[in-house]
Amino acid sequence: MVSADKDLQPIADLDRTIHSPARLMILAYLAAVDSVDFIFLMNQVGLTRGNLSSHLTTLEEAGYVSIQKEFVDKVPRTLIRLTDQGRDAIQTYREQMRTVIDQLLG
Amino acid sequence: MNKNIDFEKLQRRVFLAYQQDGILDLLVGINATGFALSMLMDSVVFLSLGAMSAILYILLKQRITIPRFGFVDFGRDRTVSRRLTILVAIGVLVFITFLAGAILPRMNPSPVTKALLDQYHMVIISGMVFGLPCAIVALLLGPRRFYLYALLAVGLPALGGFFGTETYLPMLTLGLLVTATGIWLLAKFMQRYPLDEEAGSGVRG
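Below is a short write-up of the structure. Per chain, the residues get numbers from 1 upward, laid out in the order the sequence is written. Naming scheme: in the order in which they are written, chains are lettered from A and ligands are numbered from 1. Since the coordinates come from a predicted model, pLDDT governs what is reported: local features require at least 70, and pairs of side-chain atoms require 80 or more to be given and counted, while whole-chain, interface and lining totals use all residues. Water and hydrogen atoms play no part in the side-chain values, which are based on all heavy atoms of the structure.

1. Quick look at the overall build of chain A
Right, on to step 1. Counting from the N terminus, the helices are the DSSP runs of H or I reaching at least four residues and the strands are the DSSP runs of E reaching at least two. A count of helical and extended segments in chain A gives five helices and three strands.
Right, on to step 2. Each helix and strand of chain A, placed in order from N terminus to C terminus, yields the pattern α-α-β-α-α-β-β-α.
Right, on to step 3. Expressed as lengths along the three principal axes of its C-alpha atoms, the size of chain A is roughly 55 × 25 × 20 Å.
Right, on to step 4. Only protein chains enter the area calculation, which uses a 1.4 Å probe; residues under 20% of their type maximum are buried, those over 50% are exposed, and those in between are partly exposed. Buried positions account for 47% of the 106 residues belonging to chain A.
Right, on to step 5. Long-range pairs, those at least 24 residues apart, make up 52% of the contacts in chain A with a sequence separation of at least 6.
Right, on to step 6. Carbon and sulfur atoms make up 52% of the accessible area of chain A, which amounts to about 5,700 Å² in all. Contact definition: two residues touch when any of their heavy atoms are within 4.5 Å. Each accessible area is a Shrake-Rupley result for a 1.4 Å probe, and residues are judged covered by the shown protein chains and nothing else.

2. Things to note about the overall build of chain B
Right, on to step 1. Counting secondary structure elements, chain B contains seven helices and one strand.
Right, on to step 2. Walking chain B from its N terminus toward its C terminus, one meets helices and strands in the order α-α-α-β-α-α-α-α.
Right, on to step 3. Split into buried and exposed, the 205 residues of chain B put 40% on the buried side.
Right, on to step 4. Across chain B, every contact between residues at least 6 apart in sequence was considered, and the portion connecting residues at least 24 apart equals 80%.
Right, on to step 5. As displayed, chain B has an accessible area near 11,900 Å², and 69% of this comes from carbon and sulfur atoms.

3. Structural notes on the packing of aromatic side chains
Residue and element names in this part refer to chain B.
Right, on to step 1. When two rings of Phe, Tyr or Trp (its six-membered ring) have centres within 6.5 Å they constitute a pair, described as stacked for plane angles under 30 degrees, edge-to-face for angles over 60, and tilted for the intermediate range. Under the criterion given, the structure shown has 11 aromatic pairs over all chains.
Right, on to step 2. On the basis of an interplanar angle of 80° and a centroid distance of 5.9 Å, the ring pair of Tyr18 and Phe74 is categorised as edge-to-face. Here Tyr18, found in helix 1 (residues 7-18), pairs with Phe74, found in the loop between strand 1 (72-73) and helix 4 (76-103); they are 56 residues apart in sequence, far enough to count as distant. Pair check on accessibility: Tyr18 and Phe74 agree, each one buried.

4. Observations concerning the sheet that holds strand 3 (residues 75-82) of chain A
Right, on to step 1. By the convention used here, strands pair only if DSSP detects at least 2 bridges between them. As summarised here, the arrangement of the four strands in space is 2(A)-3(A)-1(A)-1(B), forming an open sheet in which the pairing is antiparallel. Looking at the sheet topology across the chains shown, the edges are occupied by strand 2 (65-72) of chain A together with strand 1 of chain B.
Right, on to step 2. Where strand 2 of chain A lies against strand 3 of chain A, eight bridges are found, and the strand directions are antiparallel. For Ile67 of chain A, the partnering residue across the bridge sits in strand 3 of chain A and is Ile80 of chain A.
Right, on to step 3. Note on geometry: axes are C-alpha line fits, over the in-contact stretch for helices, and angles between N-to-C directions span 0 to 180 degrees. Along the sheet, helix 4 (residues 49-61) of chain A makes contact with strand 2 and strand 3 of chain A, crossing strand 2 of chain A at roughly 120°.

5. Re the packing of helix 2 (residues 23-41) of chain B against helix 3 (residues 49-69) of chain B
Residues and elements named next belong to chain B.
Right, on to step 1. Across the interface, helix 2 lies against helix 3 with an axial gap of 9 Å and an inter-helix angle of 160°. With respect to helix 3, the axis of helix 2 lies roughly antiparallel. Considering only the axes of helix 2 and helix 3, their crossing is right-handed. Contact residues: Ile23, Leu24, Leu26, Leu27, Ile30, Asn31 and Gly34 in helix 2; Leu49, Gly50, Ser53, Ala54, Leu56, Tyr57, Leu60, Lys61 and Thr65 in helix 3.
Right, on to step 2. As a working rule, the residues Ala, Val, Leu, Ile, Met, Phe, Trp, Tyr, Cys and Pro are called nonpolar, Asp, Glu, Lys and Arg charged, and the rest polar, with Gly in that last group. When grouped by side-chain class, the residues that make up the contact of helix 2 with helix 3 number 10 nonpolar, five polar and one charged. Should an angle lie under 35 degrees it is considered roughly parallel, over 145 roughly antiparallel, and from 65 to 115 roughly perpendicular; all remaining angles are considered oblique. What makes a crossing left-handed is the near helix being turned counterclockwise from the far one by less than a right angle; a clockwise turn instead makes it right-handed.

6. Re the pattern of salt bridges
Right, on to step 1. Each salt bridge in this description consists of a side-chain nitrogen of Lys or Arg and a carboxyl oxygen of Asp or Glu lying within 4 Å of one another. This model, assessed by the stated rule, comprises four salt bridges over all chains.
Right, on to step 2. One salt bridge in this structure joins Arg77 of chain A and Glu70 of chain A, with 3.1 Å as the shortest N-O distance.
Right, on to step 3. Since its relative accessible area comes to 13%, Arg77 of chain A is described here as buried.
Right, on to step 4. When its relative accessible area of 26% is taken as the criterion, Glu70 of chain A is described as partly exposed.
Right, on to step 5. For Asp25 of chain B, the salt bridge is made with Arg145 of chain B, and the minimal N-O distance between the two is 2.6 Å. Taken together, the residues span a long stretch of sequence, with Asp25 of chain B in helix 2 and Arg145 of chain B in helix 6 (residues 145-163) at a distance of 120 residues. Arg145 of chain B carries the same exposure label as Asp25 of chain B, and that label is buried.

7. Points about the nonpolar core
Right, on to step 1. Residues grouped as a nonpolar core are buried Ala, Val, Leu, Ile, Met, Phe, Trp, Tyr and Cys residues, joined through side-chain atoms within 4.5 Å. Judged by nonpolar contacts, the single largest core of 64 residues is most densely connected at Ile26 and Leu41 of chain A.
Right, on to step 2. Leaving out residues up to four positions away in the same chain, Ile26 of chain A has contacts with Leu41, Val45, Leu47, Leu52, His55, Leu56 and Leu59 of chain A.
Right, on to step 3. Residues Ile23, Leu60, Ile64 and Leu186 of chain B belong to the second largest nonpolar core, which totals five residues.

Here you go:
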């Protein structure tokens, strides 16, 4: 692995789980509300079922979201919620991005 | 360049999108129509449409909005405080209306005031019962069309008073207009968010 230039190190340090437009959008929506279901995220983020499912699995494996299956009136519902770890990760990512932008743009 | 994601703004946008199904419009429209019909028929039976519309609101949200748009929990504190503010504000307005209705006739108003009150009393009633609540909904929940409903709730009875039409007519016009808008919005919403056959499924099947 090529070592990053010291000035560009903050870019290399960015959390790659969050640093993807789709996952960032998912986390932004989750940070704005308490919990949402799968259909809501699909409508808002504009991803296909398979794509969204894959991104959510990545986020769940990182411990950033919790996914719960439940039944409402015999209809299955997938409820997604941001975990405390996910909230901290967004905060850290925001700070890192701020540093990166400040360093790159002065 | 704005480096921050405005979560409050995002939440407001989601909340607003949640109100684009026209169901709240139906609630207001049916209430105004019921109010007009109870004046026309001189019967309080039609006022029960108000209670029915509240049940309809919950049913439509559960059966139409959530399966299509998806479910969002805005957080208990935020939802409760918003609902409480709206309920308290509407309760205070209705109370003031009834209080004014009970006190004003006992104040021996001058003939001019009395004539004005006779001619334009519906402006006050409609403004308090429908106009201000619509303005509060627009202010707290965001859908700007409710400002227009508030304006109509005052403007239509004022026009009715000016032209000397039957008192129920402006209310009926308001009710039918708002109901029609609600139905149109609901149809548009259902077209935009078709029912997902695989509703509910998602991660891990």
